[in-house]
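Chains, contacts and geometry: an overview
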Amino acid sequence: MKILVLGIGNVMFSDEGVGVHLVKLLSQKYKFKSNEHSVDFMDGGTLAMYLMHIMVEYDQILLIDCLDASNGAVGDVYFFNYEVMPKSISWSGSAHEIEMLQTLQMLDLSGDRPLTQILGVIPKRIVPMNFKLSDEILKASKTMEKKAVSFLHDLGFEYKIVEPNLTLQDIADEFDKKGKK
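The rules behind each value
- Within every chain, residues take consecutive numbers counted from 1 along the sequence as written.
- Reporting of local features is limited, given that this is a predicted model, to residues whose pLDDT is at least 70; pairs of side-chain atoms are given and counted only at 80 or more, and all residues count toward the totals for whole chains, interfaces and linings.
- In computing side-chain properties, one takes all heavy atoms of the structure into account and sets aside hydrogens as well as water.
- Lines fitted to C-alpha atoms define the axes, with helix axes restricted to the stretch in contact, and inter-axis angles between N-to-C directions lie between 0 and 180 degrees.
- The way it works is that DSSP assigns letters per residue, a run of H or I at least four long becomes a helix, a run of E at least two long becomes a strand, and they are numbered from the N terminus.
- Here is the rule for angles: anything less than 35 degrees is roughly parallel, anything more than 145 is roughly antiparallel, 65 through 115 is roughly perpendicular, and the remaining ranges are oblique.
- By definition, any crossing whose near helix is turned counterclockwise from its far helix by less than a right angle is left-handed, and any crossing with a clockwise turn is right-handed.
- Here, two residues are considered to be in contact whenever any of their heavy atoms come within 4.5 Å of each other.
- For this scheme, ten residues count as nonpolar: Ala, Val, Leu, Ile, Met, Phe, Trp, Tyr, Cys and Pro. Four count as charged, namely Asp, Glu, Lys and Arg, and the remainder, Gly too, count as polar.
- Each nonpolar core is a collection of buried residues, namely Ala, Val, Leu, Ile, Met, Phe, Trp, Tyr and Cys, held together in the definition by side-chain atoms within 4.5 Å.
- Relative accessibility thresholds used throughout: buried, under 20% of the residue-type maximum; exposed, over 50%; partly exposed, between the two (1.4 Å probe, protein chains only).
- For two strands to be treated as a pair, DSSP must find no fewer than two bridges joining them.
- Only rings of Phe, Tyr and Trp enter the pairing, Trp through its six-membered ring, and a pair is recorded when the two centres are within 6.5 Å. The plane angle decides the type: under 30 degrees is stacked, over 60 is edge-to-face, the rest tilted.

Per an unreviewed UniProt entry, the protein chain goes by the name Hydrogenase maturation protease HydD and belongs to Campylobacter hominis.

Before going further, it helps to spend a moment on the packing of helix 1 (residues 18-29) against helix 4 (residues 135-154). Running from amino to carboxyl end, helix 1 crosses helix 4 at an angle of 55°, the nearest separation of the two axes being 11 Å. For the element pair helix 1 / helix 4, the angle class is oblique. Note that helix 1 runs across helix 4; the crossing there is right-handed. Of the residues in helix 4, those in contact with Val18, Leu22, Leu25, Leu26 and Lys29 of helix 1 are Ile137, Ser141, Met144, Glu145, Ala148 and Val149. Grouping the amino acids of the contact of helix 1 with helix 4 by side-chain chemistry returns 8 nonpolar, 1 polar and 2 charged.

Below, the discussion takes up the nonpolar core. Judged by nonpolar contacts, the single largest core of 33 residues is most densely connected at Val5, Leu22, Leu26, Ile64 and Leu152. Where this core is concerned, the elements lending two or more residues are strand 1 (2-8), helix 1, strand 2 (30-33), strand 4 (60-66), strand 6 (115-121), helix 4 and helix 5 (168-180). Looking at this core, the element that brings in the most residues is helix 4, giving 7 residues. Residues Leu4, Ile8, Leu63 and Leu107 belong to the second largest nonpolar core, which totals 23 residues.

Below, the discussion takes up the sheet that holds strand 6. The strand order 3-1-4-6-5 describes an open sheet built from 5 strands, whose pairing is mixed. Looking along the sheet, the strands with just one partner apiece sit at the ends: strand 3 (38-45) and strand 5 (77-81). The average undirected angle you get between the axes of adjacent strands in this sheet is 15°. Pairing of strand 1 with strand 3 involves 7 bridges; the strand directions are parallel. Within the sheet, the bridge partner assigned to Ile3 lies in strand 3 and is Val39. Strands strand 1, strand 3, strand 4, strand 5 and strand 6 of the sheet are contacted by helix 4, whose axis makes an angle of about 160° with strand 6.

Relative to the helices and strands, Gln60 resides in strand 4. Here Gln60 falls in the buried class, since its relative accessible area comes to 8%. Residues within four places of Gln60 in sequence aside, it is in contact with Met1, Lys2, Ile3, Leu4, Pro114, Leu115, Gln117, Phe151 and Leu155.

For Ser14, which is not glycine, the phi torsion reads 45° and is therefore positive. Inspection of the secondary structure puts Ser14 in the loop between strand 1 and helix 1. Positioned with a positive phi, Ala48 is a non-glycine residue whose angle comes to about 40°. Its location among the elements puts Ala48 in the loop between strand 3 and helix 2 (52-55). Taking the relative accessible area as the measure of exposure, Ala48 reaches 3% and is therefore buried.

For the structure shown, the criterion picks out 5 aromatic pairs. Between Phe32 and Phe41, the ring centres sit 5.6 Å apart and the planes meet at 35°, which makes this aromatic pair tilted. For Phe32, a relative accessible area of 13% translates into the label buried. Residue classification places Phe41 among the partly exposed residues on the basis of a relative accessible area of 25%.

In structure tokens form, the structure reads like this:
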């Protein structure tokens, strides 16, 4: 089985980049291994529909993003199968999420959508040209990291931590440094 861990978000808008940052954290902090399956980690940015041709190549996707939910609070983490998306999820927590929802719906219409799990969090701030993540997102990212690792482990992946001190803010700071060059 081919697995894609897909991070969605705009890294230049503070908490809005959590999906991309978390995917990079997972790919750098851990080494995943399976004799039966393969896993790829991808920064999907805000490409949404432009990712369709890539997404259909996989058997299962773990999509990591920020989202919004009625009765939810900043930092609340949600993990669910796309096919049984809770009614409380509104997908309106960022500038791109409606487009990602439409992308998944288009894959459904074509019959090509892989099994899709959503791992999302409600962001605190979406500030242009800001790489500083809120304390709420930094705290929530620890839960998200555990859920993502557990999800891959449950699929049969063994894992080893190779960068134990790497943090989500370290990853966000890398983007900031690249932008200043």
